[in-house]
Amino acid sequence: MDEGAIYAKLNEIFRDIFDDDSIVLTPETNADDIPEWDSFNHVNITVACEAAFGIRFKSAELEELSNVGGLVHLIQAKLG
Amino acid sequence: MTRCYAVRKGEVVPISVGLGMIDLAWLPDDSEWRVRLRALPEGSGRWEALVALARTRMDFTRTNQLDRRLAETPSADEPKLKFAILGSSTIDQLVPAIRVSGLRRGIRIETYTPEYGQFRQAVLDPASAFHAFAADAVLFSLDARTLVGEVVLEDAEAAALIDRRVAEVGAWWDAARGSSDRLVLHQALLPIFPRLLGNAEQRLPGSPAAMVRALNARLRDLADQKGVDIIALDEQIAVDGIDAWYSPALWHRAKQEISPAAAPMFGELALRIIDARKGRASKCLVLDLDNTLWGGVIGDDGLEGIAIGQGNAEGEAFMAFQTYAKSLAARGIILAVCSKNDEANALEPFEKHADMVLRRSDIAAFVANWDDKATNLRRIAADLNIGIDSLVFADDNPFERNIIRRELPMVAVPELPDDPSRYAEIIAAAGYFEGVAITAEDRARGRLYQAERERRALEVEATDLAGYLASLDMSLVWGRLDAVSIPRVTQLANKTNQFNLTTRRYTEGEIHSLANDPESFGLHLRLVDRFADHGIIGVVIGRRVDDAFDLESWLMSCRVLGRGVEETTLALVADEARRAGASRLIGSYIPSAKNGMVREHYPRLGFTLIDEAADGQTRWQLDLTQPIVVNPAITLKEHQNG
């Protein structure tokens with residue numbers, strides 16, 4: 001899956017989780033940009049990504065994620 | 001929709017094999033869900049629109065979105081329920097799913113959860129916010145680490161710990177109930193611990209895995225004594241797999257023992273117990289016949305042609321489903337039949353087929369006719385004197401399922417998978433018939449209903465059929481006979497018995513010659529709608545006779561009855577005949593043992609009688625200079641090759 005396709009799918013996930021159709025993700029988007037991106041929703045994002053992309057994150061990886069660019073790289077690496 | 005996957009070196013493997021129940025696979029998928037969520041009305045109609053959205057298949061993200069809209073919806077006169085959830089670890093992910101499971105049942109749930117880690121104080125302090133909340137139902141969601149820990153114990157220590165936990169939990173239940181008639185629910189411990197011995201884990205009583213199992217057994221006994229209900233997550237995990245419910249990474253990250261992905265199913269399981277306790281569980285399973293209780297179409301395939309019974313996999317799968325239905329009847333669920341069939345055909349397997357597990361005496365209400373099924377379901381509910389909202393309707397045909405969901409939204413209509421060997425699994429997973437106890441009366445109920453049943457004349461309510469048909473976006477795609485269509489046309493002409501005006505049979509060679517004869521026409525018809533391409537479902541063959549076209553064959557698959565396909569077909573045939581210069585259509589009806597349903601076919605379409613023979617054969621004609629009434633719900637399209 002190319003980066004564009006991952007962003008498209010991720011954008012949909014974020015819009016659903018935050019119930020906000022105006023979200024447009026960039027590599028720099030982080031928790032400061034989306035007020036409701038708290039630790040509860042952070043877990044929801046990771047679980048939704050696992051289901052949508054058919055991947056599993058390691059415990060350590062859940063902690064490391066600081067922005068969307070990092071998340072996309074991680075997903076890309078897992079999809080191989 | 002969302003599924004769970006495990007990954008092995010770049011390869012994606014579904015974890016949640018089977019039907020993927022944690023996203024509620026028995027509910028229909030709504031491709032317009034997002035659009036409908038965005039377009040929720042304000043004020044009147046909003047609650048009903050929310051309930052309708054909740055009755056579709058959904059993952060936890062949709063559940064949370066719906067919960068947010070629910071919170072924005074002012075409370076009105078809908079039924080309410082106060083629900084307290086007491087957790088020993090993070091349970092925030094479960095709360096929206098509890099509320100949305102209530103919404104699915106038309107109930108507004110107000111929830112209460114104590115601060116993290118405060119469930120003991122909440123229960124034991126009579127002055128706590130929990131007691132002030134005055135819940136109608138309270139659910140204990142206690143994690144396995146809190147109750148048994150992760151460390152292996154000596155045998156005696158393990159026994160003492162389990163005794164202590166049973167006493168503690170029993171005291172919490174009592175304190176939570178107080179002097180009220182509050183419902184108390186307790187979640188079984190999740191089997192999350194890796195085994196230490198393996199297959200013989202029970203021989204190491206101090207292993208955490210063995211303690212979870214032992215404590216679950218003891219809590220079940222105690223629950224029976226105290227009138228508490230256990231949410232059987234351990235058994236649910238045996239169905240879904242532990243990975244669908246629990247991820248160690250989520251525990252370590254967020255102290256969530258239950259994954260958000262499993263929350264929708266958790267909410268369902270909890271609310272089913274409430275349904276059962278409040279007497280709202282479904283009471284009656286209404287079964288279609290053709291391709292639901294047996295493979296094939298009894299009216300076309302006959303007693304010997306249907307698939308039921310030993311000897312082939314399909315027949316055994318249907319037999320297993322019948323056995324499941326019969327077992328439900330044995331525990332008090334009423335069985336009914338609702339089928340589009342001639343009654344005599346429909347009854348024949350029940351009376352004469354040796355491999356049928358269900359017999360006529362198992363069916364409390366048996367309705368087989370050609371009326372629409374919404375009318376028949378009303379009839380069944382009235383006959384049995386039960387609420388129409390206590391019916392579950394199982395039908396393999398998506399058209400029938402969708403029309404019932406639309407006309408009778410209070411009837412539960414599970415999605416049935418393509419494979420009949422999965423019918424029982426999905427009906428069980430949907431939990432319609434949840435029970436909390438079984439009585440001798442339950443066991444006798446099926447027979448009771450049948451014995452006391454009386455036939456009553458019923459006022460047939462009109463249903464908005466035209467509106468439904470219009471919403472299906474139906475197209476009738478027609479083509480002339482060609483090499484591609486001839487095999488299917490020949491097959492259909494030779495096996496269709498019920499909707500077949502003349503029951504004329506053809507060889508493939510005869511159909512070929514028809515295709516090349518300028519004085520004849522043969523048309524095949526394919527029906528496509530919003531839900532499916534039904535393939536070639538109709539054939540009309542006509543021959544030129546002087547100024548008329550004589551329709552020597554007109555046949556149609558019974559699957560598409562009741563949609564106005566006949567009218568649209570007539571409009572097409574009339575065009576073809578006019579183009580060839582004909583001024584009349586002539587149609588014949590030749591009675592057979594199976595085609596009684598089309599005796600009135602031509603007069604229904606406006607044909608007038610030419611003559612009637614002694615054997616019941618009739619001939620009809622239609623003046624082509626008169627305009628033909630067109631059915632607006634179906635668009636005619638010519639088939640394009642390639």
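Residues numbered from 1 in each chain as written. Chains lettered and ligands numbered in written order. Predicted model: local features only at pLDDT ≥ 70, side-chain atom pairs only at ≥ 80, totals over all residues. Heavy atoms only, no water.

Topic: the overall build of chain B
Right, so step 1: The helix and strand tally for chain B stands at 25 helices and 19 strands.
Right, so step 2: When the backbone C-alpha atoms are referred to their principal axes, chain B occupies close to 100 × 60 × 55 Å.
Right, so step 3: Considering chain B as a whole, with its 642 residues, one finds that 55% of them fall into the buried category.
Right, so step 4: Expressed as a percentage of contacts within chain B between residues at least 6 apart in sequence, the contacts between residues at least 24 apart total 72%.
Right, so step 5: Roughly 27000 Å² of accessible area belongs to chain B as shown, and the carbon and sulfur atoms make up 50% of that amount. (Helix = DSSP H or I, 4+ residues; strand = E, 2+ residues; numbered from the N terminus. Buried < 20%, exposed > 50% of the residue type's maximum accessible area, 1.4 Å probe, protein only. Contact = heavy atoms within 4.5 Å. Areas by Shrake-Rupley, 256 points an atom, 1.4 Å probe, with all protein chains shown as cover.)

Some remarks on the domain arrangement of chain B
All names here are of chain B.
Right, so step 1: By domain assignment, chain B separates into domain 1 (2-277), domain 2 (284-430) and domain 3 (465-638).
Right, so step 2: For domain 1 versus domain 2, the distance between C-alpha centres works out to 33 Å.
Right, so step 3: Every contact between the two is made by 11 residues of domain 1 and, on the other side, 11 residues of domain 2.
Right, so step 4: Interface area for domain 1 against domain 2, summed over the two sides, is near 840 Å², with a carbon-plus-sulfur share of 64%.
Right, so step 5: Linking domain 1 with domain 2 are 4 residue pairs in polar contact (both at pLDDT 80 or more), by the criterion used here.
Right, so step 6: Counted by class, the side of domain 1 that touches domain 2 contains 7 nonpolar, 1 polar and 3 charged residues. (Domains from an automatic or database assignment. Buried area = accessible area lost by both parts, 1.4 Å probe. Polar contact = N/O pair within 3.5 Å; in protein donor to acceptor, adjacent residues only side chain to side chain. Nonpolar A, V, L, I, M, F, W, Y, C, P; charged D, E, K, R; others polar.)

Looking at the interface of chain B and chain A
Right, so step 1: In this assembly, 28 residues from chain B lie in contact with 22 residues from chain A.
Right, so step 2: For the pair chain B and chain A, the two sides together bury roughly 2200 Å², of which 51% comes from carbon and sulfur.
Right, so step 3: In terms of surface lost to chain A, no three residues of chain B exceed B:Arg34, B:Arg68 and B:Arg253, which account for 28% of the buried area on that side.
Right, so step 4: Along the contact surface separating chain B from chain A lie 6 salt bridges.
Right, so step 5: Across the salt bridge formed by A:Glu12 and B:Arg34, the nearest N and O atoms sit 3.3 Å from each other.
Right, so step 6: At the boundary of chain B with chain A, the tally comes to 8 residue pairs in polar contact (both at pLDDT 80 or more). (Salt bridge = Lys/Arg side-chain N within 4 Å of Asp/Glu carboxyl O.)

Looking at the sheet that holds strand S9 (residues 334-340) of chain B
All names here are of chain B.
Right, so step 1: In space, the 4 strands of this open sheet follow the order S10-S9-S8-S11, with parallel pairing throughout. At either margin of the open sheet sits one strand with a lone partner, and together these are strand S10 (365-369) and strand S11 (391-394). On average, adjacent strands in this sheet sit at an angle of 20° to one another, irrespective of strand direction.
Right, so step 2: Where S9 and S10 come together, 5 bridges link them in parallel fashion. Each residue of the ladder has a partner; that of Val337, found in S10, is Phe366. (Pairing = 2+ DSSP bridges. Axes fitted to C-alpha atoms, helices over the stretch in contact; angles between N-to-C directions.)

Comments concerning the pattern of salt bridges
Right, so step 1: In this structure the tally under the stated criterion is 44 salt bridges over all chains.
Right, so step 2: Put simply, A:Asp16 and B:Arg34 hold a salt bridge, and the shortest N to O gap is 2.6 Å. With A:Asp16 in helix H1 (residues 3-18) and B:Arg34 in helix H1 (residues 33-38), this residue pair bridges two chains.
Right, so step 3: For B:Arg34, a relative accessible area of 29% translates into the label partly exposed.

Let's talk about the packing of helix H15 (residues 313-330) of chain B against helix H19 (residues 423-430) of chain B
Angle between the axes and distance between the axes: these two values describe a pair of packed helices.
Residue and element names in this part refer to chain B.
Right, so step 1: Orientation of H15 relative to H19, taken along the N-to-C sense of each, is 30°, at an axis distance of 8 Å. Judged on the interaxial angle alone, H19 and H15 are roughly parallel. In this structure, H15 uses Phe318, Phe321 and Tyr324 to contact H19, whose residues at the interface are Tyr423, Ala424, Ile427 and Ala428.
Right, so step 2: Within the contact of H15 with H19, the residues separate by chemical class into 7 nonpolar, no polar and no charged. (Parallel < 35°, antiparallel > 145°, perpendicular 65-115°, else oblique.)

A closer look at the nonpolar core
Right, so step 1: If you look at the biggest cluster of nonpolar residues, it comprises 157 residues, and the most contacted ones within it are A:Leu10, A:Phe14, B:Phe83, B:Trp245 and B:Leu285.
Right, so step 2: Both domains that meet at this core, namely domain 1 (2-277) and domain 2 (284-430) of chain B, each give it at least three residues.
Right, so step 3: Aside from chain neighbours lying at most four places away, what touches B:Trp245 is B:Ile22, B:Leu233, B:Gln236, B:Ile237, B:Asp240, B:Glu257, B:Ile258, B:Ser259, B:Ala262, B:Met265, B:Phe266 and B:Leu269.
Right, so step 4: Grouped together as the second largest cluster of nonpolar side chains are 64 residues, B:Ala336, B:Ile380, B:Leu384 and B:Tyr589 included. (Core = buried A, V, L, I, M, F, W, Y, C linked by side-chain atoms within 4.5 Å.)

With respect to H1(A)
It helps to recall that an α-helix has 3.6 residues per turn; residues three or four apart then point in one direction.
Right, so step 1: If you check H1(A), its first and last C-alpha atoms are 22 Å apart, about what 16 residues at 1.5 Å a residue would give, namely 22 Å.
Right, so step 2: Taken as a whole, H1(A) has its buried residues at A:Ile6, A:Tyr7, A:Leu10, A:Asn11, A:Ile13, A:Phe14, A:Asp16, A:Ile17 and A:Phe18.
Right, so step 3: Elements that come into contact with the buried residues of H1(A) comprise helix H2 (39-53) and helix H4 (68-79) of chain A together with H1 and helix H3 (60-71) of chain B.
Right, so step 4: Sitting at the amino-terminal end of H1(A) is A:Asp2, which places a side-chain oxygen 3.1 Å from the backbone nitrogen of A:Gly4.
Right, so step 5: Immediately downstream of H1(A), the backbone of A:Asp19 shows phi near 55°, a positive value. (Expected span 1.5 Å × (residues − 1).)

Thoughts on the sheet that holds strand S7 (residues 229-231) of chain B
Residues and elements named next belong to chain B.
Right, so step 1: Across the sheet, 5 strands lie side by side as S4-S3-S5-S6-S7; this open sheet has parallel pairing. With one partner strand each, in any of the chains shown, strand S4 (108-112) and S7 form the two edges of the open sheet. Strand-to-strand twist across the sheet, computed as the mean angle between neighbouring axes with direction ignored, equals 25°.

Description of the environment of B:Ile438
Right, so step 1: Inspection of the secondary structure assignment puts B:Ile438 in the loop between H19 and helix H20 (440-452).
Right, so step 2: B:Ile438 sits 107 residues away from B:Arg331 along the chain, and the two C-alpha atoms are 7.3 Å apart.

Focus on a nonpolar patch on the surface
Right, so step 1: On the surface, B:Val151, B:Val152 and B:Leu196 cluster together into a nonpolar patch covering about 270 Å² of accessible area.
Right, so step 2: Residue placement: B:Leu196 occurs in the loop between strand S6 (183-187) and helix H9 (208-226). (Patch = residues over 30% accessible without salt bridge, like charges linked within 9 Å, V, L, I, M, F, W, Y side chains within 5 Å.)

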